[in-house]
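Below, each chain spelled out in residue letters.
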Amino acid sequence: MTTADDLNARELARVSGTAAPAAAPPTTAADPAQPPGGPAPSERAIQAIIGFEVTSPAYYQAHYQHPKCPGGASGVTVGIGYDLGTVFPAQFRADWSDVLPTATVDLLAKVVGKSGAAAQAALPSVAAAVVPLDAAMAVFRKRTVPEFTRQTLAAFPGCGALPADCFGVLVSLVYNRGTSMTGDRRSEMRAIRSAIAAGRPQDVPAQVRAMKRLWPGANERGLRDRREAEAQLFEDGLRAAGA
């Protein structure tokens, strides 16, 4: 699977001009929806990421239930940002065999490991495959969320101690932007890392909002809205935890 980078065409297509997901009640690290065994994003945060990515069930059905190829170095992508170009065949089958018909899994397996021009060329051969939203959400929870949880913990040392809503915001950032800390476009990411290391999580929302500078265009409003929604969720998490 791939992380949507700045101005990535797939991300812009999914969120441009869309409103943020409806708010849900604040959750904390004790949220029973979270898996045991370590830090995890809250259910509210997971639902927010899904909302950012697919907008609504109807939009998913209209635009994402069939495989896509975002372009660049990406592979054929299915479900909620699952890039078939970046997984091994055994992992792909482990992730999808219990939620898709065998025939669909066998068809999609033909493009596993292909990326870039090879993926673009192979897309027509799998374009008829259907990945229902419930299957996409199941794999997103089982595979994607744990993977980006690990990446987030590595990118922002100490963030595992944050309230689950706040931690989930950082997972959303990493899912959307990746973990790079290099260059001017990543100055806010570095500032967030420093704030967490210094024990100042209250400084994070301002840095999330400051990222809006990166997407000034009229067709990039969705990314600005996403950052605002993430900042608000982080603030809600701090308030709920009494921080």
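This one's a predicted model, so the numbers in the text were calculated from it and none came from an experiment. (Residues numbered from 1 in each chain as written. Predicted model: local features only at pLDDT ≥ 70, side-chain atom pairs only at ≥ 80, totals over all residues. Heavy atoms only, no water.)

1. Concerning the confidence of the model for the protein chain
Logical step 1: For the protein chain, mean pLDDT is 87; residues scoring 70 or higher make up 85% of the total.
Logical step 2: Long-range and interchain partners of residues 1-36, a stretch whose pLDDT sits below 50, account for 104 contacts in this model, where long-range means more than four residues apart. (pLDDT = per-residue confidence, 0-100. Contact = heavy atoms within 4.5 Å.)

2. Side note on the nonpolar core
Logical step 1: Formed by 61 residues in total, the largest nonpolar core has its most connected members in Leu84, Phe92, Trp96, Leu108, Phe156, Leu170 and Ile192.
Logical step 2: Sequence-distant contacts of leucine 84, defined by excluding residues within four places in its chain, comprise Val76, Val78, Phe92, Leu108, Val111, Val112 and Gly113. (Core = buried A, V, L, I, M, F, W, Y, C linked by side-chain atoms within 4.5 Å. Buried < 20%, exposed > 50% of the residue type's maximum accessible area, 1.4 Å probe, protein only.)

3. Considerations on the packing of aromatic side chains
Logical step 1: Under the counting rule described, the total for this entry stands at 5 aromatic pairs.
Logical step 2: Summarising the aromatic geometry, the rings of phenylalanine 140 and tyrosine 175 are spaced 5.9 Å apart at their centres and angled 85° between planes, so their arrangement reads as edge-to-face. In this pair, phenylalanine 140 sits in helix H7 (residues 133-155) while tyrosine 175 sits in helix H8 (residues 164-177), placing the two residues 35 residues apart along the sequence.
Logical step 3: Judged by relative accessible area, phenylalanine 140 falls into the buried class, the value being 2%. (Phe/Tyr/Trp six-rings, centres within 6.5 Å; stacked < 30°, edge-to-face > 60°. Helix = DSSP H or I, 4+ residues; strand = E, 2+ residues; numbered from the N terminus.)

4. Section: H7
Helical geometry: 3.6 residues make up each α-helical turn, so side chains three or four residues apart lie on a common side.
Logical step 1: By the largest-angle criterion, phenylalanine 140 marks the main kink of H7, which is about 40°.
Logical step 2: All buried positions along H7 are accounted for by Leu133, Ala135, Ala136, Val139, Phe140, Arg143, Thr144, Val145, Phe148, Thr149, Thr152 and Ala155.
Logical step 3: On its buried side, H7 packs onto helix H2 (43-54), helix H3 (57-63), strand S2 (82-83), helix H4 (89-96), H8 and helix H9 (187-197). (Bend = angle between axes of the 7 residues up to and from the residue.)

5. What about the environment of valine 139?
Logical step 1: Its place among the elements puts valine 139 in helix H7.
Logical step 2: Judged by relative accessible area, which is 2%, valine 139 ranks as buried.
Logical step 3: Placed 43 residues apart in sequence, valine 139 and tryptophan 96 show a C-alpha to C-alpha distance of 6.9 Å.
Logical step 4: Residue contacts for valine 139: discarding those within four places in its chain leaves Tyr82, Asp95, Trp96, Val99 and Thr144.

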